[in-house]
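Summary of structural features
Now for the letters of each chain:
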Amino acid sequence: MTDFQNIHHSWFEILKPEFEKDYFIKLIEFINNERRNNYVYPSQTLVYNAFNLTPLHSLKVVIIGQDPYHGQGQANGLSFSVNDGVKFPPSLRNIFKELKSDVGCEVPFSGNLERWAKQGVLLLNATLTVRANHAASHQNKGWETFTDTVINLISIHKKNIVFILWGNYARSKKQLINCDSNFVIESAHPSPLARGAFFNSKPFSACNNYLIQHKISPISWCL
């Protein structure tokens, strides 16, 4: 059982061929079996949350993550985001530090990034599900094929999109992007493992400067 039929129609129209491919059918079979035997995050209704909150026609920015948080109650279908009331994971805490340094936004009370998503920021994880307490457990099952297609289709159907690539994994997706008609911002990952290399990268102001230059309304990053 899957809820991909409920994905926003603007995405469904261009992604429908993927849903019918063998790899995707096998992927859904795998996830359904996982849900029968384990806890899987995010909940089934939130797997495609990024697509539902950011329709294709309103897309301005793509922030690529790797896979969902695997702790109870954390994942909400948006990369780097957590549900209201959940303690900030280390990477998200560093994102908020850079946000304050870059554009002056105070650290918010909630790590829920839905407000960004509703403004046109697609918060896309390369892998859309994970088994509880087992990081990266749903990698190499087919999700990456699907989300690589998403990135490539955005490049085909849109222009002047800002792609924000944090860390080596996200940066590996640059080959899928038409860099002639879109803008790519690259930096170290916000994880503490990057030893502070993420700080002073100023992705939020760079993003808005590009959007403004192309007569696109900027993102209000403050939460």
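Given the structure is predicted, the values throughout are model-derived calculations rather than measurements.

Thresholds, definitions, all that
Residues numbered from 1 in each chain as written. Predicted model: local features only at pLDDT ≥ 70, side-chain atom pairs only at ≥ 80, totals over all residues. Heavy atoms only, no water. Helix = DSSP H or I, 4+ residues; strand = E, 2+ residues; numbered from the N terminus. Buried < 20%, exposed > 50% of the residue type's maximum accessible area, 1.4 Å probe, protein only. Contact = heavy atoms within 4.5 Å. Phe/Tyr/Trp six-rings, centres within 6.5 Å; stacked < 30°, edge-to-face > 60°.

The subject of this paragraph is the environment of Ile31. Summarising the element assignment, Ile31 is placed in helix H2 (residues 22-37). By relative accessible area, Ile31 is classed as buried at 6%. Separated by 99 residues in the primary sequence, Ile31 and Val130 place their C-alpha atoms 9.0 Å from one another. Not counting chain neighbours up to four residues away, the residues in contact with Ile31 comprise Thr129 and Trp143.

Below, the discussion takes up the environment of Tyr23. Mapped onto the secondary structure, Tyr23 falls in helix H2. Taking the C-alpha atoms as reference, Tyr23 lies 9.1 Å from Trp143; in sequence the two are 120 residues apart.

Before going further, it helps to examine the packing of aromatic side chains. A full pass over the atoms with the stated rule returns 20 aromatic pairs. Taken together, a centroid distance of 6.1 Å and an interplanar angle of 90° make the contact between Tyr23 and Phe24 edge-to-face. Considering the side-chain rings of Trp166 and Phe198, the 5.3 Å spacing of their centres and the 85° angle between planes classify their relative orientation as edge-to-face. With a gap of 32 residues between them, Trp166 in strand E5 (residues 162-166) and Phe198 in the loop between strand E6 (183-187) and helix H8 (203-213) connect regions that are remote in the sequence.

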